[in-house]
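Each chain, letter by letter, is given below.
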Amino acid sequence: MLSEPDSVDRLDPAVGRPADTTDFPPSTSANGPADGTADGARPTRRRSGRRLAAAVLLALGCVFTGLCLVIVFSSWWDDHSIDSHLGRSDADVLSVSFNRAAVRFVTPDGTVYIPPNGILYPSGLAAGERVRVEYDTQSPDVVRVAGRDYRLAFLPVGSTLLIAWAVLVPLIWWLRRRPGAPLPRWHRSAARRG
């Protein structure tokens, strides 16, 4: 008995060309997957890459938030130590830079201190100015401008966090969203108006 050779092409009656006898999964064709990509694993890799990027951004946002909270907590801790062992004096502002102001003050026992880390809450100070300061008598290097406390950190830390999350949340949402998924109703109506 003779059998048909494997090289013989069978014609597909619908198209008039050789029929493809290769079996493909239902979601793919001879030209690739139904979504038009050339590689069947690519959408899954892309989706998992986007999810990984979203998870990394979320983790970075949480770490950044934690660091900002540490700033507020450390400011509160410094204020607590000053309030626990309160000393007062007048200080001369020696220099002011972007992130620090150097001051010199004298304690009641006659010791002159120039705190190496500067003064806490230095906003609005100018070199050559004389200001009233409060310091920790057990650790005079911890000194603040009199009348100022950790609550001054709320505005810069809060606004920084607000801006950071205002950028991160839409970006994470965009990365987590399925490619080709319809946009929310509010976004579609805004696009029609514009």
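Just above sits the structure.
Residues numbered from 1 in each chain as written. Predicted model: local features only at pLDDT ≥ 70, side-chain atom pairs only at ≥ 80, totals over all residues. Heavy atoms only, no water.

Participant: Could you clarify how one ought to interpret the pattern of salt bridges in this entry?
Facilitator: Note that side chains of opposite charge can pair when their charged atoms are close. Applying the stated rule across the entire model yields 8 salt bridges. Measuring nitrogen to oxygen at the nearest pair gives 3.0 Å for the salt bridge that ties Arg144 to Asp79. Here Asp79 lies in helix H1 (residues 42-84) and Arg144 lies in strand S7 (residues 139-145), a separation of 65 residues in the sequence. For the pair formed by Arg144 and Asp79, the shared burial category is buried. (Salt bridge = Lys/Arg side-chain N within 4 Å of Asp/Glu carboxyl O. Helix = DSSP H or I, 4+ residues; strand = E, 2+ residues; numbered from the N terminus. Buried < 20%, exposed > 50% of the residue type's maximum accessible area, 1.4 Å probe, protein only.)

Participant: Would you mind showing me how to read the environment of Tyr150 here?
Facilitator: Mapped onto the fold, Tyr150 is located in the loop between S7 and helix H2 (154-176). We classify Tyr150 as partly exposed; its relative accessible area is 24%. Taking C-alpha positions, Tyr150 is 8.2 Å from Phe73, a pair spaced 77 residues apart along the chain. Not counting residues within four places of it along the chain, the set of residues in contact with Tyr150 comprises Val72, Ser75, Trp76, Asp79 and Tyr121. (Contact = heavy atoms within 4.5 Å.)

Participant: So what exactly am I meant to see when it comes to the layout of surface pockets here?
Facilitator: Space left empty within the atom packing is revealed by a probe, the size of a water molecule, rolled over the atoms. Quantified by volume, the largest pocket comes out at close to 710 Å³. For the largest pocket, the lining is made up of 26 residues, of which Asn99, Ile119, Leu120, Tyr121 and Pro122 are closest to its centre. Counting only elements with at least two residues in the lining of the largest pocket, the list comes to H1, S7 and H2. Among the elements that line the lining of the largest pocket, the one with the most residues is H1, at 5 residues. Here the residues of the lining of the largest pocket sort into 15 nonpolar, 8 polar and 3 charged. (1 Å grid on protein atoms, 1.4 Å probe; cavity = no way out; pocket = protein on both sides within 12 Å on 5 of 7 lines; lining within 4 Å. Points joined across faces, edges and corners; volume = space filled by probe spheres on them. Nonpolar A, V, L, I, M, F, W, Y, C, P; charged D, E, K, R; others polar.)

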